[in-house]
Structures are given as C-alpha cells and as structure tokens.
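Read off the chains here:
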Amino acid sequence: MHVSPSEELRHALRHQNDDELLDNQTAQRDKRRIAEEFRQQLTFGAPSNGDEAALRQLAAQIHSGQLTVKVYLRHPLHAKLYLLFTPQFPNNPVTGFLGSSNLTLAGLSKQGELNVDVLEHDACNKLAAWFDDRWNDRWCVDISKELATIIDESWAGERLLPPYHVYLKMAYHLAQEARAGLTEFRIPAIFNGTLFDFQTAAVKIAAHHLNKRGGVLIGDVVGLGKSMMATALAKVFEDDYHTETLVICPKNLVPMWEDYVHRYRLHAKVLSLSRVLNELPEKTRRYRLVLIDESHNLRNKDGKRWKVIREYIERNESLTVLLSATPYNKTYLDLSAQLGLFLNEDADIGIRPEHLLKDLGGEHEFIRRHQCGVRTLAAFEKSDIPDDWRELMRLYMVRRTRGFIMQHYAQQDEHGKYLLFADGRKSYFPKRVPKSLGFAIDETNPEDPYARFYSNTVVGTINDLLLPRYGLGNYIAPKPKTPPTPQQNKIIDGLSRAGTRLMGFAAPTCSSDWKVPGLPSSCPSSGTSCATSSSYTPSRTGWTFRWAPRARNCWTLATTTKTRTGYLPMRKATRKLTPPAATGCAPKPTTALAPPKPMQPTAAH
C-alpha cells in the first residue's frame, strides 16, 4: 500500500499510538469492507469454467479447514513472505521465499517481480517466528468464513438457482435502458392529465433512446396515441435542450399536427411529405429535432424524398423521431431504410448480428464476404435472421401491443378491462366476440344464387383459367444470351414461381354488366361504376366473392375456391368469364377468348 510522505509525517507526529486507534468496532468495519471488495472482484470480467472450478476448490478448502485466511489490521504490511513446511525432508524442513511478489495474479505472473529462496535453517526459523508473531496478533482477524460465504453466494457457488431468479436477473439487465429512461426525464406540466401511464412510460423511454443514440422509432400499434406521445417527446426536448421541431407527415395529417403544435405550444413547423422536395433543400432552416409521421412511407432508399430528408438530417445533425405502426412490411430492409435516415451505414452502433456471424463461422469470414464492419447497420442488412433484428430494434424502437397494455396497465371491473382518464372516466377495451351467420343453400333450386356459385359451369370455367402472372419465375431462361444486370437480378429474385397451381385468388373480368341475387343492389346495371364494394362468404362452400369497380363497365370477381370435395387450382383470368344466368339484370353475351399459348423461355423477362 502506497502512503504519501505527508501521510507518513502526520502518522509519525501524532500523539496517539496504534493500539489507541484500533478497537473492535473499527476492526469489524475494516473486515466487512475487505470482504465486500472481494465480492465486487467476483463481478469483474467474463468468468470461465476454470475460474468457477478454482473458486469452488478455494471455498471447499476453507470449509474443510485446509485453508485459513486472515487480514492484518494493525498497520500496512508491505513484506511478502512465503513459507513451505516439509517435515518429511529432515535436511530441509522449512523453505522460505522472500521478495516483492504479492499473492495476486499480477504479483505472481504479470509484473517484473524479484524473489529469493531462503534455505538456511536458522534464517527460516526466524522468518517463521516473525510470521507467527503477526499471525497471532490481536488485530490479525480471521476472514475465512466471510470469503467462503461470498463464493457460495456468487455465480461460482455449488447451489442451483431457481429458474425464476435467472429470469428476473435477465429481465433486470434487459430493462436497464427502460429503467434509466423512466428516471432520467420528466413529462412537461402541460401534459398533466392528458397522457395515460403507458404513454408516459413510452415517452420517457423514447427520450432516453433519442438522447443516447440520436434517433428513436415509436412503433406502438394503431390507436395507442403515437402522435400524442411524439408531441410530448418533442416538448420534453424543447424544455430540456431548447430544440425546435420540424414535423414531416402525409398531407392528410397536416391539420392534426398543426392543432397539436398550437394546443401544446410547441415551437415547430409542420411540413407535408409531398412538399419536402421543394422545401427541405433550400427553403427550410435548421431544426434540431425532426419528427416523421408514417415513416414507413420512406422505406425505399432509392426514393428522392428519402434522400432529401436524409441529407437534411445529416446536414443539420438533427435528432430524429419516427412514427409508424407498421415499420416492417416485406423485408428487414424496410427497418434499415428508416433507421438509415439518421444512422450512417458504416457507423459503429455497438452491436453485431451475432446469429449471422455464428452461421458464417466468425467475424473474419463475414468481413471476407461482405467487406463491411460487423458493428454497423450495413452488417445487419446482410442478415435475414429475426433474432439479429430483434436485438438491433431493441435499441431504437419502442413498441407495445394492446395485449401488453391490457396486461400491464389496464384495470378491471365487472364490465371488463379499462383505462382510467384523469377526470375519472373509464375507457373500456372492446371485447371481440365472433358470431357465426348461417344461411340455407338449396342445391335443387335452380334460382338459388349461392347454389349456382359452385355449379359445374362456374367451377369448370374458373378451373380452365391460366395464371402465368403468378408464376413468371417459371419462364426465366436458364442460359440467357445476355446476362441480366444486378438490378434485373433483384427483380428476377422477387418473381413468384407459384405457377398455375395458385389457389385463393382469381381476377376474371366481364365486359357486360350483370347482377346476382343476394349481392348488393348497388352493382351497376347502367354502365355507371359504383363506389362501394362488398364481400360475401357462404360458409358451406367456403367461397368468397368480393366485388369492386375496376373501370367503367368492368368489375372484379375474386374467389377463394373450395368445393364440396376440396380446393380447386386457380389461374389468372386470361379469358372473359360469362356468369350464369341470374334474375335481375341479365348478362350481355360475350365471346370467350382462347387462352394464350405458354410463353417460351427465350430471355430473362
């Protein structure tokens, strides 16, 4: 232990001696302090199996009495003495080692220490007497029991932990950032009585992410108040960091955001997404916080709007708040594009796609294949493993479902679960109760419209249709004369190969206006398109007929074909369909067109 010269002088000139400075209370306090330091040391680093085995052996030796550990408290003991007693060797019963090596990892293996062995009998006996004097001193306190207990209670202990305790430990660490956000920020007073508890928690957690990483995505499901939470989040940063906010949203949401800005006295500008190409590059001053509503509209990195907004955020070093109930649509690149609005692809984000690295065989193989850093957004773009993206979005997204809110925030009475407003009103969660609606189908009645839906004429006509649209991938030439470009390869990879066996959808069109009994009377009979659409699902057949206007004198019939004997293969409507005769508006006669010949694979289409 190093002591400064001034401390040595102060110690030498004091009037009290060492015995008067020590008492039992001081000795016990020092003993507990040293034991706690040992407990803290066990939490350092990543333990190995060898560490666990060594600590268990140490605890076992202490419990059996083979090892005793004492701490000398009278004064700092700088000497290092190791004595080995070997009575089975009369010529050399005691061997001493004297030098500078502490009984620590650094002292024994890491540092340049110097030691000498002592073999002379008289010298060894004097060293043993010196050791015994201090070992038996009043202020040499036994600490063996405390050390063994600490080992037994640590990760190296022999006892098995209950799974629930392991779960709590994991949850505690996984929720570390959420807990930090809940205590780090406060909600502005203007929102008192406005936000529910779950909204308040989301704002605080999002504020932590935004402050720490420069961006956050609020992805709560529809109807949980994302816009209100984002307004409160912007107000938090305005109060704490004096930021001003630029709100970018679809045109139809501009009035709502302007109302929020006025109502909560937010220093902000609301800009329609359709105007960003004209406004952002030159006409918009710096805003330190950019709030983008419906951010899933910006999932295409090649889009002009994405590039303009990305350049504005990068140029002004703006914090970014994204709002979307559906941030993920087709691929994980949708998430990457939205995060890329405020994250550089090659920036170190602190985590790696661990599952992808494991599948590839390590970090070096990943770098060899993809030539990018492993702790970057670009690295995650190479992964299609859900667990990798789950770990990434945990750092940037706040998302809760209705089920989560009902489980953790809702109250319950005899009428169901509800949320309580500040004024005492209750907002109940609706109960979804499925009901079965049945109706009779008379197959013997030629006037029954539903019976005709699965008549042999209709089923046979639909069954003869071809659907090359859903199997374009089957027409790719195996060896085209001109190899496709990288952009064409992306299109080819996305082509469907379902072929003519596709079930579940068909789009036959008829040039005549006709009406089937049981369908809405709004179906056109005079050539004027109707603005409504309907859907009927006869439960016995499993057919679904959806009617929607396609163009003047053109209607779409979409079916899910399930007959009395099973499912039918569906194909794309390559010829016009003449419906069966029906009461009401009779169909105009049409000419059936012959199906086209199969396409010949001559090039990469």
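Conventions adopted
Residues numbered from 1 in each chain as written. Predicted model: local features only at pLDDT ≥ 70, side-chain atom pairs only at ≥ 80, totals over all residues. Heavy atoms only, no water. Helix = DSSP H or I, 4+ residues; strand = E, 2+ residues; numbered from the N terminus. Contact = heavy atoms within 4.5 Å. Buried < 20%, exposed > 50% of the residue type's maximum accessible area, 1.4 Å probe, protein only. Lys, Arg positive; Asp, Glu negative; His and termini not counted. Salt bridge = Lys/Arg side-chain N within 4 Å of Asp/Glu carboxyl O. Polar contact = N/O pair within 3.5 Å; in protein donor to acceptor, adjacent residues only side chain to side chain. pLDDT = per-residue confidence, 0-100.

Caption draft 1: Geometry of the overall build of the protein. Regarding its fold elements, the protein presents 23 helices and 18 strands. Considering only residue pairs separated by 6 or more positions, the protein has 67% of its internal contacts joining residues 24 or more positions apart.

Caption draft 2: The side chain of Lys226, seen in detail. Examined against the element boundaries, Lys226 turns out to sit in helix H11 (residues 226-241). For the buried Lys226, which has no salt bridge, the nearest side chain bearing the opposite charge is Glu294, at an N-O separation of 6.6 Å. Among the polar contacts listed, one links the side chain of Lys226 to the backbone oxygen of Asp220, at a separation of 3.1 Å. Discounting residues that sit within four places of it in the chain, Lys226 has contacts with Ile218, Gly219, Asp220, Val221, Leu323, Ser324 and Ala325.

Caption draft 3: Broad picture of the environment of Gly225. In this fold, Gly225 is placed in the loop between strand E6 (215-218) and H11. As a C-alpha pair, Gly225 and Leu195 span 30 residues in sequence and 8.9 Å in three-dimensional space.

Caption draft 4: Representation of the confidence of the model for the protein within the structure. For the protein, per-residue confidence averages 78 on the pLDDT scale, and 80% of positions sit at 70 or higher. For residues 501-605, every residue scores under 50 in pLDDT, and the model assigns this stretch 214 contacts once sequence neighbours within four places are set aside.

Caption draft 5: Spotlight on the pattern of salt bridges. Tallying each qualifying case throughout the model produces 23 salt bridges. Taking the shortest distance from any N to any O, the salt bridge between Glu365 and Arg368 comes out at 2.6 Å. Of this pair, Glu365 and Arg368 both sit in helix H17 (residues 363-370), 3 residues apart, roughly one helical turn. According to the relative accessible area criterion, Arg368 is exposed, its value standing at 55%. Here Arg369 and Glu365 are joined by a salt bridge, their closest N and O atoms 2.9 Å apart. Pair noted here: Arg369 and Glu365 are both in helix H17, with a separation of 4 residues, about one helical turn. One network of salt bridges, in which partners are shared, links Glu36, Arg39 and Glu153.

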